[in-house]
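Breakdown of the fold
Residues per chain, in single letters:
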Amino acid sequence: MAQRKAVHYINQFFAGIGGETMAHIGLSVLDEKKGPAIGLEKLWDGQMTVEKIIVCGDNFINDEENFNSVLPEIRKVIEEVKPDVFVAGPAFNAGRYGVACAKVCDYVKKELGVPSVTGMWHENPAVAMYGKDNYIIATRETAAGMTKSLPILAAFALKLARKEPIGPARAEGYIPTGHRYNETNEKTAAERATEMLLDKLAGRPYVTEIPLRAFEVVPPAQRVENLKNAQIALITTGGLVPVGNPDKIRQAFATDYGRYDLAGLASLDKGVYESIHGGYDTTFASADPHRLVPLDQMRVLEQEGKIGGIYKTFFATCGVGTNVESSKAMGRRIAEELISEEIKAAILTST
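The structure reproduced in this document is the subject of the present report. (Residues numbered from 1 in each chain as written. Predicted model: local features only at pLDDT ≥ 70, side-chain atom pairs only at ≥ 80, totals over all residues. Heavy atoms only, no water.)

A count of helices and strands for the protein gives eleven helices and twelve strands. For the protein, the spread of C-alpha atoms along the three principal axes comes to 75 × 55 × 30 Å. For the protein, the residues scored as buried account for 42% of the 351 residues in total. Of the contacts made within the protein by residues no fewer than 6 positions apart, 74% connect residues no fewer than 24 positions apart. Entry remark: accessible area of the protein is about 19300 Å², with carbon and sulfur atoms responsible for 53%. (Helix = DSSP H or I, 4+ residues; strand = E, 2+ residues; numbered from the N terminus. Buried < 20%, exposed > 50% of the residue type's maximum accessible area, 1.4 Å probe, protein only. Contact = heavy atoms within 4.5 Å. Areas by Shrake-Rupley, 256 points an atom, 1.4 Å probe, with all protein chains shown as cover.)

This is the structure in structure tokens:
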């Protein structure tokens, strides 16, 4: 049987070109194996090879005009190689990389007719955007989980390349797409439901056949009736900290935040504060910290009597890759402090 062929998509980081400073680079095509492709080929054990690697900067390809401009190049590679499968990533919880992987897979699958698969953490924003129509293998949250995630991606990609039947998400390892298909089962629905109930009552593991969708309802805060008497807090997930990052806030996947004194300050000066966020080009934020924490304009409002004052400290963390539970935990702690200090409102800036 002829060896199967794959084309692999990665970003500038996994291609070894650079990090954020190189996220603007355009598309290139490589023959040399890079990043996860090396691991994928080892796992395929001679059954499939990566023929070409497509590389593009995360910032570049997430611009819609740029994306459309490189589609002919992607089409050319696919038509020349004629791969059995297209693989992207894995992107883990990197938002822009995840969106890039998913949107390229979506194009290759729908427009070029090649089976495609990518992989990422289930909270990656690309899942909500593209997960309905594309196979996305559930991975660990960070690249530290590469050795755990890559075998599942490799096995699924090989299955696609062989045109083998694809089973349900719980069996194959992909994130559920929301599609349901009929299949024959040796047990009736009543028997299966009874068994699941007994397992649940006995504390044994079970998997429901029809998971119910659940949405967290967050009631909006009451409006501030009188801003002239209200103290306002400033919060940012843009990573603004004193130069040197004294609290060692993580640049990504943060689990904590910093509190920094604003008492007596009229502004936040360049060279005193910097952004250490790992998910965007921080040059402009570090050049003018007010892009993240607008203390200067808040002081103007305070002097004009339009607000009652500004809370004595501002709070800062990095939002990139931060999981939902960590975000909730930090939010609760900040909220508890503000409530205890009778702060009426907060302005939270993001990136």
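We are not done yet, so read on.
A cluster of nonpolar side chains, contributed by Leu 197, Leu 198 and Leu 201, occupies part of the molecular surface with about 330 Å² of accessible area. With respect to the helices and strands, the residue Leu 198 is situated in helix α8 (residues 189–202). A relative accessible area of 48% means that Leu 198 is categorised as partly exposed. (Patch = residues over 30% accessible without salt bridge, like charges linked within 9 Å, V, L, I, M, F, W, Y side chains within 5 Å. Salt bridge = Lys/Arg side-chain N within 4 Å of Asp/Glu carboxyl O.)

Taking 1.5 Å of rise per residue, the 18 residues of helix α4 (residues 95–112) would be expected to cover 26 Å, and the 25 Å separating its terminal C-alpha atoms lies within 8% of that figure. Taking burial as the measure, the 18 residues of α4 include 13 buried ones, the bulk of the element. Once α4 ends, the next one or two residues include Gly 113, with phi positive near 75°. (Expected span 1.5 Å × (residues − 1).)

All right, on to helix α1 (residues 36–44) then. Within the span of α1, buried status applies to Pro 36, Ala 37, Gly 39, Leu 40 and Trp 44. Taken down its axis, α1 places every buried residue within 160° of arc, on the same side. Buried-residue contacts for α1 involve β1 (4–11), β3 (48–56), β4 (85–92) and α6 (146–161). (Arc of directions from axis to C-beta.)

Under the criterion given, the structure shown has 17 salt bridges. Arg 204 is the partner of Asp 199 in a salt bridge, and the nearest nitrogen-oxygen pair spans 2.8 Å. A residue is classified by how much of its surface remains accessible, and Arg 204, at 43% relative accessible area, is partly exposed. Asp 256 is the partner of Arg 333 in a salt bridge, and the nearest nitrogen-oxygen pair spans 3.1 Å. Of the two residues, Arg 333 sits in helix α11 (residues 324–340) while Asp 256 sits in the loop between β8 (240–242) and β9 (258–261), which places them 77 residues apart along the sequence. What makes Arg 333 partly exposed here is its relative accessible area of 38%. Shared partners join several salt bridges into a network, and the residues in it are Asp 106, Lys 110 and Asp 133.

Next up on the list: the side chain of Glu 172. The topology assignment puts Glu 172 in helix α7 (residues 169–172). The exposure class of Glu 172 is buried, given its relative accessible area of 15%. Of note is the side chain of Glu 172, whose polar atom sits 2.6 Å from the side chain of Lys 159. Sequence-distant contacts of Glu 172, that is, excluding residues within four places in its chain, are made with Ile 137, Ile 152, Phe 156, Lys 159, Pro 165, Ile 166 and Gly 167. (Polar contact = N/O pair within 3.5 Å; in protein donor to acceptor, adjacent residues only side chain to side chain.)

Right, let's get into the sheet that holds β9. Taken together, the four strands give an open sheet; going across it, the order is β9-β11-β7-β12, and neighbouring strands pair in mixed fashion. Either end of the sheet is taken by a strand with one partner, and the two such strands are β9 and β12 (345–349). Taking each pair of neighbouring strands and ignoring which way they run, the sheet shows an average axis angle of 25°. Across four bridges, β9 lies against strand β11 (residues 309–316) in antiparallel orientation. Each bridged residue has a counterpart across the sheet, and for Asp 261 the counterpart in β11 is Thr 313. Where helix α10 (residues 295–303) meets the sheet, it contacts β7 (231–236), β11 and β12, and its direction lies at approximately 165° from that of β11. Together, β7, β9, β11 and β12 form the strand contacts of α11, whose direction differs from that of β11 by roughly 165°. (Pairing = 2+ DSSP bridges. Axes fitted to C-alpha atoms, helices over the stretch in contact; angles between N-to-C directions.)

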